[in-house]
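Fold and contact review
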Amino acid sequence: MSAASCLLTEDQFLCSICLDVFTDPVTTPCGHNFCKACISEHWDVDVPSQCPNCNKVFNIKPELQVNTFISEMAAQFRQSAQQKASSSSSEQQVVKPGEVPCDACTGTRLKALKSCLVCLVCLVCLVCLVCLASYCETHLEPDLKNAGFKRHQLIDPEENLEDGMCVKHSKLMELFCELGKTEAEIQQMIQKRRLKIQEMNGSVELSKEGADREIADGVQVFTALKESVERSQAELMDTIKEKQRETEEQAEGFIKELEQEVSELKKRSSEVEQLSRSEDQLHLLQSFTSLNAAPPTKNWTEVRVRPPSYEGTVRRAVTQLEETLRKQMKKLLSEVELKRVQQSEVELKRVQQSEVEVTLDPDTAQPKLILSDDGKQVKHGDVKKNLPDNPERFDYCACVLAKQSFSSGRFYYEVQVKGKTEWDLGVVRESINRKGKIILSPQKGYWTIWLRNENEYSACADPPVLLSLKSQPEKVGVFVDYEEGLVSFYDVDAAALIYSFTGCCFKEKLYPYFGPSLNEGGKNSAPLIISPVNHTE
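Positions within a chain are numbered from 1, following the residues in the order the chain's sequence is written. Under the rules for a predicted model, residues below a pLDDT of 70 receive no local features and side-chain atom pairs below 80 are neither given nor counted, while totals for whole chains, interfaces and linings still include all residues. As a rule here, side-chain values cover all heavy atoms of the structure and leave hydrogens and water aside.

A word on the sheet that holds strand β20 (residues 496-501)
For clarity, the cut-off: Between any two strands, pairing holds if DSSP finds at least two bridges. By the criteria applied, helices consist of DSSP H or I runs no shorter than four residues and strands consist of E runs no shorter than two, each listed in order from the N terminus. Only the stretch in contact is used when a helix axis is fitted, and all axes are lines through C-alpha atoms; the angle between N-to-C directions ranges over 0 to 180 degrees. Residues are treated as being in contact if the distance between any of their heavy atoms lies within 4.5 Å.
Pairing is antiparallel in the open sheet, where seven strands are placed in the order β10-β11-β22-β13-β18-β19-β20. A single partner strand is all that each edge strand has here, and the edge strands are β10 (369-371) and β20. Across this sheet, the average inter-strand angle for adjacent strands is 20°, counted without regard to direction. Pairing analysis gives seven bridges linking strand β13 (residues 410-416) to strand β18 (residues 475-481), with the strands arranged antiparallel. When the bridges of β18 are listed, Phe411 appears paired with Val480. Most of the contacts of helix α7 (residues 313-352) go to β13, to which it runs at about 110°, and overall it touches β13, β18, β19 (486-491) and β20.

Next up, the structure:
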């Protein structure tokens, strides 16, 4: 047996599961050998009744018995390896202080030649686990001949390899724990930027709609003003041309009269010339007397055709045009504003059709908040009530959620804010942080607007958007289209849109959110009131 064992290598006595020399070897029906404990644990934990080597599946779990022949061979091989190790240990260096010892030595520990890092993947946390063992030359040599060991990474011997222990899973790890964390952070950053892209696209679309409306209104106004200018220009041209026509007619009359007189004078000149040639003195005297009796010609000395004066004509036309445009602009702008109000009223009536019942949830209210019995009003008080600090409750910020949640479709409700100097309103996702200070932003799960310092309105976006409102709302309408990713706020009395969050990505339940803010010594003591919707025709 000793001679035979010399022809065998350690590969033939290694269990393919634990990669160590067989302990109580058993043989499966398919002919493969394993440690009894290894194959039993494998079938109990991983894949029942399947060979780890050839993946053959056994319909009935085999009854495994220890293969005594292989067990004896493995024992002799182990003994031979130990004898070899003992004989060579004298030739190897015993570990000294500061050197890395061999982890496989059981007696006198020899100096490690190499440390091993084999990469295995933890299926729980998806991190890389390592072998983290150091070997002397005796224990390293048979491992190098093992095909499975060739996957191991050998490095110069190092101490304290166990510093890479995974705290969560009590397993050793390498850089992949960091990589997993980094990957999660990267994915979170990608998601945030995708949401920001959606938000920006929504803002661009909203801006485009507003631009289209403004262009249409501008075209209407300026077309009307252009027509007025062209009409005034035409009237000015007609006035000037009429004056020119009158001047031309006057000159034509004078010229015609002058030409008639010239004709008569030519005729008289011809008669005079004929008389001057006559030898009949009596006839000459008679004709001369008739010539002297002719009526005298008109005196044209003071007659003038004076060009009309155009001074001040253009100025007067422009002044008149300015007055006309001023009146027309006022009329047109009033019509545009009326149209916008009508459009806003139509839009508000449309979203009001999605009215839902909303009541406050006392289990979420910050302990200083005072809720009405009907769950429709909330304000801030000075006394902190002794309430259970359940996970749903806000413990620091003065806010409360509704009992109702929404995970699809559209919903709308109205809140009276009259008399308040500060407030927050909007919707939040179910998983928001409710403890300590909170940040109102879509990235944190809050889609809200607020009032601060009596007249400073902002949309709590990232970054915040200052809102310029024509009037202070006394009642605010909140509208949400879950699938569209839209959250809009309306001044109900003015039927005007205050602000819209667009391109939102909702994946959780949404809850109406109410923040009455601190009462500021009574200055902001008015409650937020959930009001019924007034559906007016």
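Right, picking up where we left off after that structure.
Remarks on the side chain of Ser488
Cut-off, in case you're wondering: Each residue is placed in one exposure class: buried if its accessible area under a 1.4 Å probe, protein chains only, is under 20% of its type's maximum, exposed if it is over 50%, and partly exposed if it falls in between. For this analysis, a polar contact is any N or O atom pair within 3.5 Å, provided that within protein one partner can donate a hydrogen and the other can accept it, and provided that sequence-adjacent residues contribute only side-chain to side-chain pairs.
With respect to the secondary-structure elements, Ser488 resides in strand β19. Classification of Ser488 by relative accessible area gives buried; the value is 2%. Side chain to side chain, Ser488 and Ser500 meet in a polar contact 2.7 Å long. Beyond its immediate stretch of four places on either side in the chain, Ser488 contacts Gly477, Val478, Phe479, Leu497, Tyr499 and Ser500.

Some thoughts on the pattern of salt bridges
Spelled out, the test is: Here, a salt bridge means any Lys or Arg side-chain nitrogen found within 4 Å of an Asp or Glu carboxyl oxygen.
Across all of its chains, the model carries 11 salt bridges by this definition. Its salt-bridge partner being Arg326, residue Glu323 comes within 2.6 Å of it at the nearest N-O pair. Within this pair, Glu323 and its partner Arg326 are both found in helix α7, separated by three residues, close to a single helical turn. Since its relative accessible area comes to 33%, Glu323 is described here as partly exposed. Note that Arg410 and Asp481 form a salt bridge whose closest N and O atoms lie 2.9 Å from each other. With a gap of 71 residues between them, Arg410 in strand β13 and Asp481 in strand β18 connect regions that are remote in the sequence. With relative accessibility at 47%, the residue Arg410 sits in the partly exposed group.

So, the sheet that holds strand β12 (residues 400-401)
Ordered by their spatial adjacency, six strands build an open sheet running β12-β21-β14-β15-β16-β17, and the pairing between neighbours is antiparallel. Unpaired on one side and paired on the other, β12 and β17 (465-467) mark the two borders of the sheet. When strand β16 (residues 456-459) meets β17, the two strands line up antiparallel, connected through three bridges. Across the sheet, Ala459 pairs through a bridge with Val465, a residue of β17.

Re the nonpolar core
Test applied: Residues enter a nonpolar core if they are buried and are Ala, Val, Leu, Ile, Met, Phe, Trp, Tyr or Cys, with the set joined through side-chain atoms within 4.5 Å.
With 38 residues, the main nonpolar core has Trp423, Phe501 and Phe514 as its most contacted residues. Excluding anything up to four places from it in sequence, Phe501 contacts Pro442, Trp447, Thr448, Ala459, Cys460, Ala461, Gly485, Leu486, Val487 and Phe489. One finds Phe22, Val26, Trp43 and Phe77 within the second-largest nonpolar core, a separate group that totals 18 residues.

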